[in-house]
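Spelled out from the first residue to the last, the chains are:
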Amino acid sequence: LNTRHCILLNKGNHSDEKKKEKDMFAGLFEEETGQSDVKMELGSSTASKSPPPPRNHTQLCGLSNLGATCYLNSLLQTLHYTPEFREALFSLGEDDLGVYSSDKGADNSSVRLIPVQLQKLFARLLILNQQSTEVSSLTGSFGWNNSEELQQHDVQELNRILFAAIESSLLGTQGQHLIGQLYHGTSMQQVHCCRCSRVSERVEEFQDIQVPLSGRSGLEQALKETYIDTEVLQGSDQYWCEGCQQLVDAVRSCRLKKLPHVLTFGLLRFLYNFQKGERCKDTSKFKFPLELDMAQFCDTSMMPEEAQYELFSVVIHRGSTHSGHYTAFIRDVDDLGVWQEELDQVQTPPPPPSPAAGQMDFIDCETPSELIQMVIQQLGGSASVAKLCKALQENTGVSWNTRFKKQFGSIQKFLRDCPSLFHVDDTNQVTLKESVLNPSSVPCDGGSAENGRKGSADEVMDVSMTTEDTEMTELDASVYADIGGEVVTGRGFGGDVVPRDKEGTFGSPASKRTKRSQPPPPSGYRWFEFNDAQVSPTTAKAIEKLYQGKQSAYMLFYRRRSLKRPLQARGNPLYGIPEQLLREVVTVNSVLDEERAQHNVAINTLKLNIHFLWQYQLIGAALQRITEDPVFVVRIDRRKPFSDLKASILEQVVSCHLGATFAVNIARHLAGGVHLYDTISGDEQAVLSSLGLSDETHLFVWNGIDVGGKPLLTGKAHEPLVLHFTYSLADQDEREMDVCVAKSLTLGGLREYLAGLMDSQPHQLTISQVRLAGRQEQHSMVMVLPSSKDKRTLDELGLSDGDRMAAEKEAKKGVKNLAHIVADKQNKLISVIVEDRCSPLGSGPNSYPVYPMETSKDEVLSSLKKAILTKLGISSVADGGRLRFDDDNNGLGPPLYENQTLSDAGLVQGQRVIMEPGPAPQQSEIVLYFSTGKMSLTYERVFDNKTTVKECCLCMQERMDLKGSQWHLRKTNWCSEPAELLDEETATLAQEKLKSGDTLIVEEGRLPPKGFVQLSTFLYSPHSGGGTSEDQERAVDRSTTGREPLLQESATTPLQMVDSEPQKLCSEVPLHLQSLEQFYPPVPGTLLEMGCVELSKDATVEDLKNMILTLPAMQGVNVPSSSFLRVQELVDGRPGKILKVPSLTLRRSKLTSSAICCMILPYEETLSISSIVFNVCIKSPLDRSYGPPMEVVYDTINGCEPHEFSGFVARLLGLPSESVSMAKHKYETFEWIKIAGLSQDEGGRRRKVRTGTKASIKNTPIFLHDGDTVGIKYLTSECGDRDDFSTPSDDRGRAILATMQEEKKKRRRNKGADIFCSSVTRRPEVGIKIFVPDYSSLRQTRQS
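Computed from a predicted structure; not experimentally measured.

Procedures and definitions
Residues numbered from 1 in each chain as written. Predicted model: local features only at pLDDT ≥ 70, side-chain atom pairs only at ≥ 80, totals over all residues. Heavy atoms only, no water. Helix = DSSP H or I, 4+ residues; strand = E, 2+ residues; numbered from the N terminus. Buried < 20%, exposed > 50% of the residue type's maximum accessible area, 1.4 Å probe, protein only. Contact = heavy atoms within 4.5 Å. Salt bridge = Lys/Arg side-chain N within 4 Å of Asp/Glu carboxyl O. Core = buried A, V, L, I, M, F, W, Y, C linked by side-chain atoms within 4.5 Å. Phe/Tyr/Trp six-rings, centres within 6.5 Å; stacked < 30°, edge-to-face > 60°. Axes fitted to C-alpha atoms, helices over the stretch in contact; angles between N-to-C directions. Parallel < 35°, antiparallel > 145°, perpendicular 65-115°, else oblique. Left-handed = near helix turned anticlockwise from the far one by under 90°. Pairing = 2+ DSSP bridges. pLDDT = per-residue confidence, 0-100.

So, the overall build of the chain
Inference 1: Across its full length, the chain carries 30 helices and 60 strands.
Inference 2: Residues counted as buried form 49% of the 1344 residues belonging to the chain.
Inference 3: Considering only residue pairs separated by 6 or more positions, the chain has 72% of its internal contacts joining residues 24 or more positions apart.

This is the structure in structure tokens:
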């Protein structure tokens, strides 16, 4: 019996085609590898990207979540493991569905996209060797964009809509009855008249059966009430009988007339609570059987075997009515997976430590452990907890507390709960474990660290079979050879035939099983849990836990028991897959195998930092560096022996004089200096991975005896300690010093050292430790170290770095000893860092002088200010001077009230205190910050708390030189984003609960009515070269308007941000106080204010244009129609997004700006929604300036890839594309983003891209919009750096921006209880929509 059916792939005839396909996929998982095994260089290592992880021990593939698509993933997995549906879909060929092409610009209008993409998805789920695959191609065929993928929907609703879309897509094909044959049944409703015995019948078709749960114990009881029990219609519910021609009593009943092959039940768990006025979820217990006999609910004419069903899928909902998560329990009918419940010992390779780094976004990581591993690898394999949290938020846009804390707790707790993955030392430094960096030595996890699963691959037991059972044709062997495996067959635990490659799995090493805790379920009855990308085995008994609770069954799928599966399909994932789909997935698998092999080499490459003994000097008990020579870096495979490392070191350092011995020790930087640990040079044949080496390990090369003639103690027992001693000599004041000693030194040895220093006898010396105590270590206590402990080491005494010690001779009676004096001082003192901004020495925030200072916690700030001025030697300061706090989290704080103590002001140890000129605020005053929006200057102003909002707004209008009378104030939230308006103009600042340090935004315009938008309107007149009429400026009668242009530049001014004169004038002003706007590129045109329009958000763009034409300033302008008018948003005073579709409402146009500009065109403009209008400037080859801009319109339907866009612009300019380099100007950050392959982002870091996506000018980092400026650089031999597009203004602007970031850190202050107590608003629910083209013409063609 042939166990597989597939299509023969001729390797000889298809070699060129396979090579072409391989090249097409070659860039999916690109990584950099060295050409030599050992490489020594200066610099730092770069983290290697890892390909997607292979399938886990179940050998089943999951589906990645695109944001909120768990409901879709659960249903798709159910359809995929419905063999009748999957194989019926595979049976449809190109004659039915059309020929799909993935090439850009290809015409796929005649292709039935939804069934084609379902075929591709099912083929990947069957044989793609990845832990999970994406559904983005399928959702693209639905017509969905990112917003639909982020919407939560109901899986029962999706089931009906998806089946309808499939039916519509298959009309006119051989599969047009696929859904009807598998899922449609019929029921018959009868009404029996009690008067004339007339029976009325009505037959209805159903796709799924909706089952109410309330008051019912299980599925069979609910079906009995619906299809067995009758309902008497009487009283007000009487029935109109056609025979009696009157209302009569009647009996209504319903029976099932025809049952489908797959019977679907939707459990109605979501109800509406009329008392609370909201929806609720019914979490009561509702049982359902594994085997269901539907005969009692059906018509008597149905055969008994047609009414027998077996449960094969349960879709589960976990959560509430407004949010939750969908998973699925599915029975593997064809035994495609490897089921195992528990193994005692497993030896399998783990998945890579990060989820396809470089192939997916950070935000798409399935588990927090994967995300943390990915970020730590990006940070070089080790980082502090604070740095890790910052990197997590920068890469995902969401903090740990927001995304994971509710489920997993704090990040410190999570890291310590995963000891197999992460090591956290006492300094909160997080390091990846060796088992993660070297996966060849640890067992497979099979899942995330936090879910506690023991997943591993299970090698199927080989049982002898007859020749007839194991026969395989040549075509099957050819396909399996393409996958990279050896043809092996074997009986599973239930007698199933399971195909394996030569390693036991799809390209991954074989796993070895020792024994099983219990036998697995029989063949065809093995259950698996599908949780998006994670697949794990489960049992039928686990289904009982889904009867009730927040995590409960929501949809049930039963399969007719009489449906038999062919033996060829049992355990054979290749069964029924069409040839072209098989070839595509095989090609991807081969590329994945190559990339994983390359990644295995990359992750086994160690970066070692080499230090030499002549670079160091032994001072105290630690090594101190005495040279400024760069550290040598060696890169070597961790699987190499130590002799290779030694040879590479000696090759590079030929002048070293190590004597007769050669020793290499692991070195670490401690508080006292460098210390040496284990010696790794004992066995030259030892493998480096067995010596405890990891990436970024520091090694010290020496003679193994001494450094500079001084013997050196190595090992953990001799680590150096830095102790801060206070001592006093005879008739002298107390002194302080830091002592660096080995922690193996005894207390007696330390006493002898100090006695020699203090000219005393050791037995006369008293040594005390002054340590912090209390719950929050707020006070100090003295602990005397008696001579009875002289034989104990400092480590045994519990001393650590930085401990305060006191050494003194025996104190006289009645005199307070030195240790208690030190403790009293420490209790009262707090250490701060003072930054002097009063003296003229500093010219920027990084050049101000800083001084350490100790002061009392109970001291008021006015006394601290005097002490600081005395310490700095400053006699007088303008306006008396004032203090501020500055820290890394909250940034620069507001001026402090001087009548409060340091404790009341929140001063902590190590706080940075700013001393600057200016008056200190009074108790009745508050300090507020004002800005006009993004990237604008922030103004600081002190107000009396009784000042009204109106007075405050008028004051800031005058201070910020804002023209006009329509201005209002808006609060900001904790992260400086716009919040609620201050609409009570007569309220005081105190009544509005404003606090010192709050930031307000000054916005122009009055508050419009609800549902309306108010837009300030300007007429935009571009200069020549902009692609518009040169007579536009003469079209407006300026004498009528009486207004001057808002912005006006010369038509011949090159795009050089500012000339040298403004830079010279502001050179005396500190960088952080200069304005960024003066370095922005000039607007290539003139803006003339015309007035303000106010209209509903539901008005169309056409309505907006017509309203603009009615403005008084437009009365003298000859505009034939609104089609001659272009409307754009104004962003930072610059024309931006164009409102292209006249019939689109302003709400759907996503208008974000409160100002717009319009431009009169000499022609009717009909821009498609896919077009982009931008300006092109050519860079001068002689200097760093640009020529005048030229407007260009590019339709992205012609291609969004950078090379397509570059080719279009080059052809437009008449330049060869290979000699042109292009970049988009991001003026707000003064950066130029090169328009090329998607290799780097704005900051120069490697960008992570989802698997299968391509570079696009519409996506980050390019993100080309309307109104953007694209610089063109013609490449010549004298052009210099081909990637340098910057101008002198860019250099100046970046310098100012860097300094402003230091001064404008986010302020996190309490914004009042009203912000946090506001009611939670939920996003409006949106129904599911799947777009299906009209295939009627294709159906007529097929019929003809």
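Picking up where we left off.
Details of the pattern of salt bridges
A side chain of one charge can pair with a side chain of the opposite charge if their charged atoms are brought near each other.
Inference 1: Using the criterion set out here, one finds 38 salt bridges in the structure.
Inference 2: The closest approach of N and O atoms between Lys743 and Glu719, which form a salt bridge, is 3.0 Å. Of this pair, Lys743 sits in the loop between strand 37 (734–742) and helix 20 (747–758) while Glu719 sits in the loop between strand 35 (710–711) and strand 36 (720–728); the two residues are 24 residues apart in sequence, bridging distant segments of the chain.
Inference 3: Using a relative accessible area of 11% as the deciding quantity, one classes Lys743 as buried.
Inference 4: Glu719 gets classed as buried once you look at its relative accessible area, which sits at 13%.

Quick look at the nonpolar core
Taken as a class, soluble globular proteins show a tendency for nonpolar side chains to be buried jointly.
Inference 1: Ranked by size, the top nonpolar core spans 66 residues in total, and within it Leu76, Phe85, Leu162 and Ile166 carry the most contacts.
Inference 2: When residues in this core are grouped by element, the largest group, 9 residues, is from helix 5 (residues 113–127).
Inference 3: Setting aside anything within four residues of it in sequence, one finds Phe85 in contact with Leu79, Phe122, Ile166, Leu178, Ile179, Leu182 and Tyr183.
Inference 4: Of all hydrophobic cores here, the second largest spans 35 residues; its members include Leu219, Leu223, Leu263 and Phe329.

Quick word on the packing of aromatic side chains
Inference 1: Under the criterion given, the structure shown has 23 aromatic pairs.
Inference 2: Here Phe85 and Phe122 contribute two aromatic rings whose centre-to-centre distance is 6.2 Å and whose plane-to-plane angle is 70 degrees, an arrangement assigned as edge-to-face. One end of the pair, Phe85, is in helix 3 (residues 83–90); the other, Phe122, is in helix 5, with 37 residues separating them in the sequence.
Inference 3: For Phe85, a relative accessible area of 0% translates into the label buried.
Inference 4: Using a relative accessible area of 0% as the deciding quantity, one classes Phe122 as buried.
Inference 5: Summarising the aromatic geometry, the rings of Phe312 and Phe557 are spaced 6.4 Å apart at their centres and angled 65 degrees between planes, so their arrangement reads as edge-to-face. Here Phe312 is found in strand 15 (residues 308–319), whereas its partner Phe557 is found in strand 26 (residues 551–560), with 245 residues between them in sequence. The residues Phe312 and Phe557 share a single accessibility class, namely buried.
Inference 6: Through a chain of ring-to-ring contacts, the aromatic side chains of Phe85, Phe122, Phe163 and Tyr183 assemble into a single cluster.

Regarding the packing of helix 5 against helix 18 (residues 579–603)
Inference 1: At a minimum axis separation of 10 Å, helix 5 and helix 18 run at an interaxial angle of 50 degrees. Classified by the angle between their axes, helix 5 and helix 18 sit oblique to one another. When you trace helix 5 past helix 18, the crossing you get is right-handed. Residues Gln119, Lys120, Ala123, Arg124 and Ile127 of helix 5 touch helix 18, and the partners they reach there are Leu581, Leu582, Glu584, Val585 and Asn589.

Digging into the environment of Arg195
Inference 1: Of note, Arg195 is situated in the loop between strand 4 (185–193) and strand 5 (199–206).
Inference 2: Excluding its chain neighbours within four sequence positions, the residues that come into contact with Arg195 are Cys244, Gln246 and Val248.

Structural notes on the sheet that holds strand 10 (residues 250–258)
Inference 1: Pairing in this open sheet of 4 strands is antiparallel, and the strands run 5-4-10-7 from one edge to the other. The two strands at the open ends of the sheet, each matched to only one other strand, are strand 5 and strand 7 (231–233). Geometrically, the sheet is characterised by an average inter-axis angle of 25 degrees between neighbouring strands, direction not taken into account.

Digging into the sheet that holds strand 59 (residues 1231–1234)
Inference 1: Pairing is mixed across the open sheet formed by 5 strands, whose spatial order is 57-56-60-58-59. What marks the edges here is a single partner per strand, and that holds for strand 57 (1190–1195) and strand 59. Across the sheet, the mean angle separating the axes of adjacent strands is 40 degrees when strand polarity is ignored.
Inference 2: Bridge analysis of strand 58 (residues 1220–1226) against strand 60 (residues 1269–1274) gives 6 bridges, and the strand direction is antiparallel. Of the residues in strand 60, the one forming a bridge with His1225 is Thr1269.
Inference 3: Relative to the sheet, helix 27 (residues 1202–1213) contacts strand 56 (1171–1178), strand 57, strand 58 and strand 60, its axis offset from that of strand 57 by approximately 135 degrees.

Details of helix 11 (residues 368–378)
Since the α-helix packs 3.6 residues into each turn, any two residues three or four apart lie on the same face.
Inference 1: Buried residues dominate helix 11, accounting for 10 of its 11 residues.
Inference 2: Listing the buried residues of helix 11 in full gives Pro368, Ser369, Glu370, Leu371, Ile372, Gln373, Met374, Val375, Ile376 and Gln377.

Describing the confidence of the model for the chain
Inference 1: Counting all residues, the mean pLDDT for the chain is 76, and 75% of those residues have values of 70 or more.
Inference 2: Confidence over residues 841–845 falls short of pLDDT 50; this stretch has 9 contacts with residues more than four positions distant or in other chains.
Inference 3: The model gives residues 1025–1069 a pLDDT under 50, and that stretch makes 91 contacts with residues more than four places away or in other chains.

Quick word on the environment of Val1193
Inference 1: Residue placement: Val1193 occurs in strand 57.
Inference 2: Spatially, the C-alpha atoms of Val1193 and Asn1175 are 8.8 Å apart, while their sequence positions differ by 18 residues.

Examining helix 2 (residues 70–80)
Inference 1: With 11 of its 11 residues buried, helix 2 lies for the most part within the structure.
Inference 2: Burial in helix 2 covers these residues: Cys70, Tyr71, Leu72, Asn73, Ser74, Leu75, Leu76, Gln77, Thr78, Leu79 and His80.

Considerations on unusual backbone geometry
Inference 1: Even without being a glycine, Glu696 presents a positive backbone phi close to 70 degrees.
Inference 2: With respect to the helices and strands, the residue Glu696 is situated in the loop between strand 32 (674–679) and strand 33 (697–702).
Inference 3: With a relative accessible area of 28%, Glu696 lands in the partly exposed category.
Inference 4: Phi is positive for Asp879, which is not a glycine, with a value near 60 degrees.
Inference 5: Tracing the chain through its elements places Asp879 in the loop between helix 22 (861–872) and strand 43 (882–887).
Inference 6: Under the relative-accessibility criterion, Asp879 is labelled exposed at 60%.

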